[in-house]
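One letter stands for each residue in the lines below.
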Amino acid sequence: MTLDVQKLLNDMLAAAKTSFSKDWHKVEGYAKPELEKFAQNLADIAAMKLANTINEEKAKLQIDVQKKAMIIAMLTAHGLTILSVESAINAAIDVVRGTVNTTIGWTIL
Amino acid sequence: MKLVVHPWRVSLILLVVVALMQACAVRLIAPYDEITDQKITEIQGQTARFFVELDRKIGTPAADYSNNIAFYNDMYVALSTLDVRARAIEKNNIVVQQIELLYGMTNDLEALHKLGFNSTEEIIPIKNAFNSAFTAMVKMQMGLKRGE
């Protein structure tokens, strides 16, 4: 039996969406194609097993490579979210910096 | 008394003001590091070359693990150098984790190579995974650069 790439993708997208919660829209554009590639690679490995071109040991190592690559991609998605939060905080501070510093009389912000 | 303003004094004041402004910026993640970025690109180039060569050599003794040990040695040295650099930078946990995972992927690739590659079909998913990993790492660096 072959793996249904679309079903794999839908299940993973649902899980990622729940996990990223409100930040999903910030990372969706990047994470979705990465999950698509991951699902396709899993299907390719399953197809090699069906064709008897790889054994279980090799399949496990192949899956491990895919998992690690996916974690690297998700770490970037997470990092880009942190960067957007950082930039929002700094933009908010920039807006009030002049007023606060002038009012207080010291450059503290 | 006439106040004389030397250009170097103006420069010094400007420098202090800029430094104060930067000190006040909130930093949740490591700053961009050009050397890390360059090293990742270098390792990506090394890996891409390896996959192209391996793809051409499959089915010949040149593709055997024993004839490709130098690639793995070079990769581990490069990744170890990158790891030391990344760990020296504050708030760089994401990049450090990515390097550790890339190291693990190289271990898996080496284990697979020791078992032997029978066809180019076996290499495709691994090559794709490495490409995804490097794309993600470069994208992270680009994000850090924009956030400077």
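Residues numbered from 1 in each chain as written. Chains lettered and ligands numbered in written order. Predicted model: local features only at pLDDT ≥ 70, side-chain atom pairs only at ≥ 80, totals over all residues. Heavy atoms only, no water.

Engineer: I keep staring at the overall build of chain A and nothing clicks. Help me out?
Structural biologist: Counting its regular elements, chain A contains three helices and zero strands. Sequence-ordered secondary structure for chain A, helices as α and strands as β, is α-α-α. Against the 2.2 N^0.38 benchmark of 13 Å for 109 residues, chain A shows a C-alpha radius of gyration of 22 Å, more extended than a compact globule. Oriented by its inertia axes, the alpha-carbon framework of chain A measures out at about 75 × 25 × 15 Å. For chain A, the residues scored as buried account for 39% of the 109 residues in total. Nonlocal contacts in chain A, meaning residues at least 24 apart in sequence, comprise 59% of its contacts between residues at least 6 apart. A total of about 6,200 Å² of accessible surface is found on chain A, and carbon and sulfur atoms cover 62% of it. Between the mean site of the 12 positive side-chain charges and the mean site of the 12 negative ones, chain A shows a separation of 2 Å. (Helix = DSSP H or I, 4+ residues; strand = E, 2+ residues; numbered from the N terminus. Rg over C-alpha atoms; globule rule 2.2 N^0.38 Å. Buried < 20%, exposed > 50% of the residue type's maximum accessible area, 1.4 Å probe, protein only. Contact = heavy atoms within 4.5 Å. Areas by Shrake-Rupley, 256 points an atom, 1.4 Å probe, with all protein chains shown as cover. Lys, Arg positive; Asp, Glu negative; His and termini not counted. Charge placed at Lys NZ, Arg CZ, Asp CG, Glu CD.)

Engineer: How should I be thinking about the environment of A73(A) in this particular structure?
Structural biologist: As for its placement among the helices and strands, A73(A) is situated in helix 3 (residues 56-104). Judged by relative accessible area, A73(A) falls into the buried class, the value being 0%. Distance from A73(A) to E34(A), taken between C-alpha atoms, is 7.1 Å for residues 39 residues apart in sequence. Once residues lying within four places of it in the same chain are set aside, the contact partners of A73(A) are Y30(A), E34(A) and A136(B).

Engineer: Explain a nonpolar patch on the surface to me, please; I cannot follow it from the model alone.
Structural biologist: On the surface, V85(A), I89(A) and L28(B) cluster together into a nonpolar patch covering about 190 Å² of accessible area. The topology assignment puts L28(B) in the loop between helix 1 (7-24) and helix 2 (34-57). (Patch = residues over 30% accessible without salt bridge, like charges linked within 9 Å, V, L, I, M, F, W, Y side chains within 5 Å. Salt bridge = Lys/Arg side-chain N within 4 Å of Asp/Glu carboxyl O.)

Engineer: Would you mind going over the interface of chain A and chain B with me for this structure?
Structural biologist: Frequently, the measure chosen for interface size is the accessible area that the parts lose on association. Each partner contributes residues to the interface: chain A has 37 residues there, and chain B has 38 residues. Carbon and sulfur atoms supply 70% of the area buried between chain A and chain B, which totals about 3,300 Å² over both sides. Taken together, the links from chain A to chain B amount to three salt bridges. Put simply, R27(B) and E86(A) hold a salt bridge, and the shortest N to O gap is 4.0 Å. (Buried area = accessible area lost by both parts, 1.4 Å probe.)

Engineer: I would appreciate a short explanation of helix 3 (residues 69-87) of chain B in the present structure.
Structural biologist: The α-helix advances 3.6 residues per turn, and as a result positions three or four apart in sequence lie on the same side. All names here are of chain B. In this model, helix 3 (19 residues) spans 27 Å end to end at C-alpha, consistent with the 27 Å of a helix rising 1.5 Å per residue. Those residues of helix 3 lying buried are F71, Y72, M75, Y76, A78, L79, L82, D83 and A86. Looking at the buried residues of helix 3, the elements they touch are helix 2 and helix 4 (93-115). (Expected span 1.5 Å × (residues − 1).)

Engineer: Hey, could you run me through the pattern of salt bridges in this one?
Structural biologist: Where side chains of opposite charge bring their charged atoms close, a pairing between them can arise. Per the counting criterion, the structure on display carries 13 salt bridges over all chains. The closest approach of N and O atoms between E100(B) and R87(B), which form a salt bridge, is 2.6 Å. Placement of the pair is E100(B) in helix 4 and R87(B) in helix 3, with a sequence separation of 13 residues. Each of D64(A), K68(A) and D108(B) takes part in a single network of salt bridges with overlapping partners.

Engineer: Which parts of the structure should I look at to understand the side chain of H113(B)?
Structural biologist: Residue and element names in this part refer to chain B. Structurally, the position occupied by H113 is in helix 4. What makes H113 buried here is its relative accessible area of 2%. When neighbours within four sequence positions are excluded, H113 is seen to be in contact with F50, L54, A63, D64, Y65, N68 and Y72.

Engineer: I tried to follow the nonpolar core on my own but got confused; where do I start?
Structural biologist: Of all hydrophobic cores here, the largest spans 61 residues; its most connected members are L102(B), M105(B), L109(B) and F130(B). Counting residues per element, the ones that place at least two in this core are helix 1 (5-20), helix 2 (24-50) and helix 3 of chain A together with helix 2, helix 3, helix 4 and helix 5 (120-146) of chain B. (Core = buried A, V, L, I, M, F, W, Y, C linked by side-chain atoms within 4.5 Å.)

Engineer: What's the story with the packing of helix 2 of chain B against helix 5 of chain B in this structure? I'm lost.
Structural biologist: For any two helices packed against each other, one specifies the crossing angle of their axes together with the interaxial distance. Residues and elements named next belong to chain B. Running from N to C, helix 2 and helix 5 cross one another at 165 degrees; their axes reach a closest spacing of 10 Å. Considered as vectors, helix 2 and helix 5 are oriented roughly antiparallel to each other. Between helix 2 and helix 5 lies a crossing of left-handed hand. For the pair formed by helix 2 and helix 5, the contact residues are T36, D37, I40, I43, Q44, T47, F51, L54 and D55 on the first element and T120, I123, I126, K127, F130, F134, M137, V138 and Q141 on the second. By residue class, the composition of the contact of helix 2 with helix 5 is 10 nonpolar, five polar and three charged. (Axes fitted to C-alpha atoms, helices over the stretch in contact; angles between N-to-C directions. Parallel < 35°, antiparallel > 145°, perpendicular 65-115°, else oblique. Left-handed = near helix turned anticlockwise from the far one by under 90°. Nonpolar A, V, L, I, M, F, W, Y, C, P; charged D, E, K, R; others polar.)

Engineer: What is the right way to look at the confidence of the model for chain B in this model?
Structural biologist: Caution is warranted with low-pLDDT regions, since their predicted coordinates should not be read in detail. Averaged over all residues, the pLDDT of chain B is 90; the fraction at 70 or higher stands at 83%. We note a pTM of 0.84 for the whole complex and an ipTM of 0.84 for its interfaces. (pLDDT = per-residue confidence, 0-100.)

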